[in-house]
Amino acid sequence: MNSGIFLINKDKGLSSNKAIQKIKKRLDIKKIGHFGTLDPLAEGLLICGINKGTKLSERFLNLDKSYFSKIMLGIQTTTDDSEGDIIEEREIQVNAEEIIEMTKTFVGESKQKPPFFSALKHKGKPLYKYAREGRLIEKEPRDIKVYKILNISLENTIVSFEICCSKGTYIRSIARDLGDKLGCGGHLVELVRLSQGNFKLKDAKKVDDIKMSDLIKIEDLSL
């Protein structure tokens, strides 16, 4: 029985679970699981384990990650991303230099409030299920670390940058908090996971292109 991991390049619009279930069915795999959810809005690197490789979950979930992200300022949504309903629209009263400098302030250690729409659980039930029922469950802020933010750019109301961060960091929360700090609101409109630990998006394959020959066996892994 083959065991190990696949590096998947998940498409936007596809849930992480549906992505791995498609692979499971097509390759007739007995057991499969992914190591870090990507929202349907997000795309990029999704690592999944198959068979005995699923037991590596905790080790992979603890790895640092990097992303490319785009945040739209001036609009706040219920989900902190473009899939939610608009709560409020405000004018942006700060200039480009102030926006870039404020974005840089997220580098370092901090406590981050998770979004109401997340896979974190309360009494065994994901927060997003409560939120869809109109019940907003607030979790305690969690310790996170942003190692660096690179290539910050601004085009109209969209702030773009690459970010390297610790496990448990929600980029949607950074979008929300950046908008709050600037006094205009903000939400995430694009997210691409570029890496997880030493594993890179450039080495990943689309769901429909994955083959058993792409499997990285457990004995060949270096974490």
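The structure under discussion appears in the preceding block.
This text gives an overview of the structure that appears in the document. (Residues numbered from 1 in each chain as written. Predicted model: local features only at pLDDT ≥ 70, side-chain atom pairs only at ≥ 80, totals over all residues. Heavy atoms only, no water.)

## Side note on the state of the cysteines
Here is step 1: Per the stated rule, a full pass over the model turns up zero disulfides.
Here is step 2: Free cysteine: C164, not disulfide-bonded; nearest cysteine sulfur from C165 at 7.4 Å. (Disulfide = S-S within 2.5 Å.)

## Here's the deal with the packing of aromatic side chains
Here is step 1: Scanning the entire structure with this criterion turns up two aromatic pairs.
Here is step 2: Centroid distance F35 to F60: 4.8 Å. Interplanar angle 20°. Geometry classified as stacked. One end of the pair, F35, is in the loop between strand 2 (32-34) and strand 3 (43-50); the other, F60, is in helix 2 (residues 57-61), with 25 residues separating them in the sequence. Across the pair, F60 and F35 agree in class, each one buried. (Phe/Tyr/Trp six-rings, centres within 6.5 Å; stacked < 30°, edge-to-face > 60°. Helix = DSSP H or I, 4+ residues; strand = E, 2+ residues; numbered from the N terminus. Buried < 20%, exposed > 50% of the residue type's maximum accessible area, 1.4 Å probe, protein only.)

## What about the environment of D39?
Here is step 1: Relative to the assigned elements, D39 resides in the loop between strand 2 and strand 3.
Here is step 2: Once the C-alpha coordinates of D39 and A175 are considered, the two residues, 136 residues apart in sequence, prove to be 15 Å apart.
Here is step 3: Those residues within four positions of D39 in sequence are excluded, and the remaining contacts are K10, L14 and R172. (Contact = heavy atoms within 4.5 Å.)

## Let's talk about the environment of T77
Here is step 1: Residue placement: T77 occurs in strand 5 (residues 75-77).
Here is step 2: Note: C-alpha distance between T77 and N62 (15 residues apart in sequence) is 29 Å.
Here is step 3: If we skip the residues at most four places from it in the chain, T77 touches G84, D85, I86, I87 and H187.

## Some details on the pairing of strand 3
Here is step 1: The element strand 3 is extensively covered by neighbouring structure, given that seven of its eight residues are classed as buried.
Here is step 2: In this sheet, strand 3 lies alongside strand 1 (residues 4-10) in antiparallel orientation, the contact comprising seven bridges. Within the sheet, the bridge partner assigned to I8 lies in strand 3 and is L46.
Here is step 3: Direction of pairing for strand 2 relative to strand 3: antiparallel, over a ladder of three bridges. Bridge assignment links G33 to a residue of strand 3, and that residue is G49.
Here is step 4: Here two bridges tie strand 3 to strand 12 (residues 186-196), and the two strands are oriented parallel to one another. Across the sheet, G44 pairs through a bridge with R193, a residue of strand 12. (Pairing = 2+ DSSP bridges.)

## A few points about the pattern of salt bridges
Here is step 1: A full pass over the atoms with the stated rule returns 12 salt bridges.
Here is step 2: In this structure, K206 engages D11 in a salt bridge whose closest nitrogen and oxygen atoms are separated by 2.5 Å. Of the two residues, K206 sits in the loop between strand 13 (199-200) and strand 14 (216-217) while D11 sits in the loop between strand 1 and helix 1 (16-27), which places them 195 residues apart along the sequence.
Here is step 3: You can call K206 partly exposed: its relative accessible area is 30%.
Here is step 4: Overall, the relative accessible area of 36% leaves D11 in the partly exposed class.
Here is step 5: D203 is paired through a salt bridge with K202; the nearest N and O atoms lie 3.5 Å apart.
Here is step 6: Among the ionic contacts, a cluster of salt bridges with common partners joins D39, D81 and R172. (Salt bridge = Lys/Arg side-chain N within 4 Å of Asp/Glu carboxyl O.)

## Re the side chain of T77
Here is step 1: For T77, a relative accessible area of 3% gives the class buried.
Here is step 2: At 2.8 Å, the side chain of T77 forms a polar contact with the backbone oxygen of D81. (Polar contact = N/O pair within 3.5 Å; in protein donor to acceptor, adjacent residues only side chain to side chain.)

## Quick word on a positive patch on the surface
Here is step 1: Judged by side-chain charge, K30, K31, K52 and K55 come together as a positively charged surface patch.
Here is step 2: The class of K31 is partly exposed, set by a relative accessible area of 46%. (Patch = residues over 30% accessible without salt bridge, like charges linked within 9 Å, V, L, I, M, F, W, Y side chains within 5 Å. Areas by Shrake-Rupley, 256 points an atom, 1.4 Å probe, with all protein chains shown as cover. Lys, Arg positive; Asp, Glu negative; His and termini not counted. Charge placed at Lys NZ, Arg CZ, Asp CG, Glu CD.)

## A short note on the nonpolar core
Here is step 1: Counting 38 residues, the largest nonpolar core has F6, I8, I23, L73, F161, I163 and I171 as the members making the most contacts within it.
Here is step 2: Of all the elements in the fold, those that place two or more residues in this core are strand 1, helix 1, strand 3, strand 4 (65-73), strand 10 (142-155), strand 11 (158-165), helix 5 (171-182) and strand 12.
Here is step 3: If you tally residues by element for this core, the top one is helix 5, at five residues.
Here is step 4: With residues up to four places along the chain from it excluded, the contact list for F161 reads Y67, F68, S69, I71, T103, I149, L150, N151, I152 and I174. (Core = buried A, V, L, I, M, F, W, Y, C linked by side-chain atoms within 4.5 Å.)

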